[in-house]
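# A closer look at the structure
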Amino acid sequence: MAYFGVKKMVSEEKVTLDYSPALGFINRDELANLAPRVRRVHQVLHDRSGPGREYLGWLEWPLLYERDEFARIKEAAERIQKQSEVLVVVGIGGSYLGARAGLEMLLSATAGEVPNGEGVRLLFAGHQLSPAYLDGLLNYLRGNVFSLNGVSISGTTTEPAVAFRFLRRLAEEKYGRSGAAERIYVTTDREKGALRRIAEDEGYERFVIPADVGGRYSVLTPVGLLPFAAAGIDIEAVMAGAAAAYQACSSPELEVNECYQYAALRQIFYNRGKTVELLVSYEPALHYLAEWWKQLFGESEGKDGKGLFPAACDFTTDLHSLGQYIQEGRRLFFETVLRVEDPGVSLAIPRMEDDLDGLNYLAGRSLGFLNEQVLRGTVLAHVDGGIPNLILNIPALTPYYFGYLVYFLQKACAASAYLLGVNPFNQPGVEAYKQNVFALLGKAGYEEQGAALRKRLEKMTEVAEE
């Protein structure tokens with residue numbers, strides 16, 4: 001088998017992979033030769049016999065999710081829509097990125113902050129420690145009717161825990177303690193954690209982050225579904241798309257499973273010294289999908305001194321800043337292009353009498369057609385410049401395809417990490433900076449480490465001044 005065939009750039013009513021622009025960069029049988037390894041990875045995933053197997057609850061989640069809690073999510077969303085103008089989602093990393101990705105993709109190009117006529121406005125907190133950002137948010141909420149959704153497995157992660165304190169206090173000041181309790185919803189562990197304890201003590205409605213689903217794989221659980229439903233997004237369609245992706249990605253055969261083809265091609269390029277993957281989109285609404293993707297692949301693969309570095313570009317914007325480097329800089333990377341076949345809007349380019357900009361040759365053409373030709377021309381130019389390109393075709397920006405794409409990428413990520421030889425579901429390196437911060441802040445139990453760190457910082461300053 002030379003290769004598995006070249007897909008045309010047309011919709012197949014699912015997210016599809018076109019790797020034809022990359023064929024000039026791999027040997028004729030290179031992809032096919034990975035088929036036996038991919039079959040073993042598939043077995044390890046579905047037998048739950050590999051490292052991190054206790055976090056594979058997402059694997060069959062689109063089929064087995066809890067219907068009773070799903071119904072409660074919809075009921076809570078209806079209450080939020082009746083009681084508030086704004087829902088503030090408090091979380092960081094996997095507790096926030098997937099929700100924001102879906103809201104931006106499905107509602108608008110402004111991070112889901114503009115309602116679609118049914119849902120509330122969505123705002124976010126707890127994803128950084130900027131006093132200016134939080135102060136502005138608090139001032140805005142003082143003049144608007146709001147609800148809160150705190151999202152955290154532990155409830156003690158510094159950024160969201162600090163923000164939740166401020167926002168909870170504001171809610172109690174504005175609505176009273178019992179009134180605030182009716183407006184605060186938490187998504188957390190079923191049995192343990194500070195946030196669960198707070199919710200139990202105060203009477204907040206609770207939703208569960210399944211214990212066997214890690215944070216960055218949790219967007220299809222209440223972590224993402226409650227904000228989606230409150231914003232007026234059809235969560236039934238989201239889960240239907242994820243279920244369709246589950247079926248499409250269920251074969252162990254590399255020849256027919258495009259999810260595994262993407263994982264295998266990533267390995268081929270990595271082994272050839274392509275250490276950076278650029279996720280490229282031509283739709284601003286996909287910006288935060290790329291942010292979610294960066295966490296998904298970065299935390300899953302970046303360990304043991306291994307892993308592709310996940311980076312993202314917004315085209316055509318970044319063609320006018322990074323385009324030169326991509327075209328002629330160091331050949332460290334390959335591109336994966338998110339191509340939206342139907343942007344959902346058709347704008348015809350107007351004809352102007354003076355034609356001083358020389359664009360009348362495009363008059364009557366749709367802006368989407370222009371965007372598509374820029375995509376095609378850029379892929380060809382970058383391939384000619386030595387950059388392999390993969391294309392993920394997304395038929396439309398709808399809830400169904402969001403669910404499909406999320407599941408497709410989650411499974412591809414798990415398979416890619418296993419091919420790399422790392423545990424996809426842990427993140428030991430994330431704790432390093434946290435321990436230093438606790439020590440510098442003087443948290444109990446970290447006094448000795450804090451003193452040592454302060455001495456190191458003083459020495460660095462002395463060396464710099466010399």
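Report on the accompanying structure. (Residues numbered from 1 in each chain as written. Predicted model: local features only at pLDDT ≥ 70, side-chain atom pairs only at ≥ 80, totals over all residues. Heavy atoms only, no water.)

Now for the packing of aromatic side chains. In total, this model carries 16 aromatic pairs according to the counting rule given. Residues Tyr282 and Phe315 carry aromatic rings whose centres are separated by 5.6 Å and whose planes lie at 80° to one another, so their mutual orientation is edge-to-face. In this pair, Tyr282 sits in the loop between strand S7 (276-281) and helix H11 (287-301) while Phe315 sits in the loop between strand S8 (309-314) and helix H12 (323-328), placing the two residues 33 residues apart along the sequence. For the pair formed by Tyr282 and Phe315, the shared burial category is buried. (Phe/Tyr/Trp six-rings, centres within 6.5 Å; stacked < 30°, edge-to-face > 60°. Helix = DSSP H or I, 4+ residues; strand = E, 2+ residues; numbered from the N terminus. Buried < 20%, exposed > 50% of the residue type's maximum accessible area, 1.4 Å probe, protein only.)

On to the pairing of strand S4 (residues 146-151). Where burial is concerned, most of S4 is hidden: six out of the six residues are buried. Judged by which residues are buried, S4 turns out to be covered on both faces: Phe146, Leu148 and Gly150 on one side and Ser147, Asn149 and Val151 on the other are all buried. The pairing of strand S2 (residues 86-90) with S4 spans five bridges and is parallel. Counted as the bridge partner of Val88 is Leu148 from S4. Between the parallel pair S4 and strand S5 (residues 184-188), the chain is carried across by helix H6 (residues 158-181), and the sense of this crossover is right-handed. (Pairing = 2+ DSSP bridges. Right-handed = clockwise from strand over helix to strand, strands pointing away.)

Ordered in space as S3-S2-S4-S5-S6, the five strands form an open sheet in which the pairing is parallel. The two strands at the open ends of the sheet, each matched to only one other strand, are strand S3 (121-125) and strand S6 (205-208). For this sheet, the mean inter-axis angle between neighbouring strands, taken without regard to orientation, is 20°. Both S5 and S6 contribute to a ladder of four bridges, which runs parallel. Counterpart to Val186 in the pairing with S6 is Arg206. This element, helix H3 (residues 67-83), spans S2, S4, S5 and S6 of the sheet and lies at about 140° to S6. (Axes fitted to C-alpha atoms, helices over the stretch in contact; angles between N-to-C directions. Contact = heavy atoms within 4.5 Å.)

A few words on the sheet that holds S8. The strands that make up a sheet pair up through hydrogen bonds in the backbone, lying either parallel or antiparallel. Strand order in this open sheet of five strands is S1-S10-S9-S7-S8, and the pairing throughout is mixed. The outermost strands of the open sheet, each flanked by one partner alone, are strand S1 (16-18) and S8. With strand direction ignored, the average angle separating the axes of adjacent strands in the sheet is 25°. Two elements, S7 and strand S9 (residues 333-342), share six bridges in a ladder whose sense is parallel.

Judged by nonpolar contacts, the single largest core of 99 residues is most densely connected at Trp58, Tyr262, Leu265, Trp292, Leu390, Phe402 and Leu409. The dominant element in this core, judged by the number of residues it contributes, is helix H14 (residues 399-420), at 14 residues. Listed in part, the 23 residues of the second largest apolar core include Phe146, Ala180, Val186 and Leu195. (Core = buried A, V, L, I, M, F, W, Y, C linked by side-chain atoms within 4.5 Å.)

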